[in-house]
Amino acid sequence: MAPVGFRLSRQGTCPIKVSFEFFPPKTPEMEATLWSSIERLAPLSPQFVSVTYGAGGSTRERTHATVARIIQETPLKPAAHLTCVAADRTEIDGVIRSYWEAGVRHIVALRGDPVEGPGSVYRPHPGGYEQTCDLVAGIKRLGDFEVSVSAYPEKHPEAASLDADIDALKSKVDCGADRAITQFFFDNDVYFRYLDRVRARGISIPIVPGILPVQNFRQAANFASKTGASMPDWLAARFDGLENDVETRRLIAAAVAAEQVIDLVDRGISEFHFYTMNRADLVYAICRLLGLRAPAAPEPQMVAA
Ligand code: FAD
């Protein structure tokens, strides 16, 4: 039987659902780390595990190989990320069909960053899918896929305003998106204010919070500066001076993420997407705090004489 996590919140007992995001490995060492992380997290029975697609489609083969191996060797349901950039519709449709043939039934549809990198001007590929909503519609046309998309509680950096960005989310939903996963954030109030505005705009799909356990503050801050996510001063203060103290950093990272998800649960949220960075330990510990458990091994049976 699949394990179900329960956590007592101020609002009663609620079942917890989680999903985990991985990136395709580049080297045999990274591959070993990824697979030991998948093995450790799999018994928590995530709803799905997603595998990212490198900028500019650079990991097309590796994303496919990772997703195919998940299907062949684990009971997990994979979701393959796919972007609109650097390929025309025929090529992207070919990728979608190859996922279907491999048994993939869930795609995370994204526009992707401009080929010149975040911060430069996005230009649709000639003959390609222009915006994410077009890709979502294309995926739905080709197969009965579940489609997840992104959402930005602090606004996508290129959007003129948060309302314009929520309009863009609405267009993705109107084209068939089933779920949105947020960019990571650290201030839960930001997420709840965003949720209110999204619901007021008539969007009713789940807006699943993306949780980034901060394993490396400098790296996370650098990533945040490119994605429009803010790093609160209190967070910087907690990691301040710990550059050479890995152990304390890990303990603080676990405490920060645990505090964040427990507050979300207390405020009624029961679904979480974890950016694992291909590392299991922190995420495994946080899931335990949420009440998720691997099923107990069956008791050995006595053999009749
Ligand atoms: P979109 O929602 O498509 O929005 C991009 C911009 O265009 C926004 O400013 C939006 O307001 C605007 N916009 C959207 N639709 C319209 C429209 N119809 N008309 C006019 N304007 C519109 N990147 C990768 O390369 N590979 C990955 O695997 C990957 N996975 C990700 C997973 C998650 C959960 C998240 C949050 C991001 C991920 N990214 C990934 C990053 C993402 O590709 C970049 O943030 C990219 O700049 C935007 O793509 P998007 O689909 O997130 O944004």
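See above for the structure.
Cut-offs applied
The residue numbers shown here count from 1 along each chain, following its written sequence. The predicted origin of the model limits local features to residues at a pLDDT of at least 70 and limits the giving and counting of side-chain atom pairs to 80 or more, whereas totals for whole chains, interfaces and linings rest on all residues. With hydrogens and water stripped out, all remaining heavy atoms of the structure feed into the side-chain values. The salt bridge definition used is simple: a Lys or Arg side-chain nitrogen within 4 Å of an Asp or Glu carboxyl oxygen. Each helix is a run of H or I in the DSSP string that is no shorter than four residues. Each strand is a run of E no shorter than two, and both are numbered from the N terminus. Here the term buried applies to any residue with accessible area under 20% of the maximum for its type, exposed to any over 50%, and partly exposed to those in between, with areas from a 1.4 Å probe on protein chains only. Only strands joined by at least two bridges in the DSSP assignment are considered to pair. Whether a crossover is right-handed comes down to one check: with the strands pointing away from the viewer, does the path from the first strand over the helix to the second run clockwise; if it does, it is right-handed. By convention in these notes, a residue is near a molecule or strand provided one of its non-hydrogen atoms lies within 4 Å of it. Any pair of N or O atoms that falls within 3.5 Å is considered a polar contact. Within protein, one atom must be able to donate a hydrogen and the other to accept it, and sequence-neighbouring residues count only if both atoms are side-chain atoms. Areas reported here follow the Shrake-Rupley algorithm with a probe of radius 1.4 Å; residue values treat only the protein chains shown as occluding.

Draft legend 1. Structural detail: the pattern of salt bridges. Summed over the entire model, instances satisfying the criterion amount to 14 salt bridges. With a closest N to O distance of 3.1 Å, Glu73 and Arg69 form a salt bridge. Residue Glu73 and its partner Arg69 are both found in helix 2 (residues 60–73); the two are separated by four residues, about one turn of the helix. Of the residues examined, Glu73 reaches a relative accessible area of 52% and is grouped as exposed. In this structure, Asp174 engages Lys170 in a salt bridge whose closest nitrogen and oxygen atoms are separated by 3.0 Å. Here Asp174 and its partner Lys170 are both found in helix 5 (residues 162–174), four residues apart, which amounts to about one turn of the helix. Note on Asp174: relative accessible area 55%, which makes it exposed. Several salt bridges converge on common partners, so that one network encompasses Glu31, Arg69 and Glu73.

Draft legend 2. Representation of the pairing of strand 3 (residues 48–51). Neither face of strand 3 is open: one carries Phe48 and Ser50, the other Val49 and Val51, and all of them are buried. Alignment of strand 3 against strand 4 (residues 78–83), held across three bridges, turns out to be parallel. Each bridged residue has a counterpart across the sheet, and for Val49 the counterpart in strand 4 is Pro78. For the segment spanning strand 3, helix 2 and strand 4, crossover handedness is right-handed.

Draft legend 3. Highlighting the site of the ligand. If you check the shell around the ligand, you find 24 residues, and the closest are Tyr53, Asp113, Thr132, Tyr152 and Lys172. Within the backbone of Ala159, a nitrogen or oxygen atom sits 3.2 Å from an oxygen atom of the ligand. Contact distances for the ligand include 2.5 Å between an oxygen atom and a side-chain N or O atom of Lys172. For the ligand, whose free accessible area comes to 950 Å², the fraction covered by protein is 83%.

Draft legend 4. Highlighting the pairing of strand 5 (residues 106–110). Burial analysis of strand 5 places five of its five residues in the buried class, which makes it a mostly covered element. Across the two faces of strand 5 the burial is the same, with His106, Val108 and Leu110 and Ile107 and Ala109 all buried. With four bridges connecting them, strand 4 and strand 5 associate as parallel partners. Across the sheet, residue Leu82 finds its bridge partner in strand 5, namely Ala109. Relative to strand 6 (residues 146–151), strand 5 is paired through three bridges, and the arrangement is parallel. Note that in strand 6 the partner of Ile107 across the bridge is Val147. Once the chain exits strand 5 it traverses helix 4 (residues 132–142) before rejoining the sheet at strand 6, and the crossover so formed is right-handed.

That's the geometry; what it means functionally is another story.
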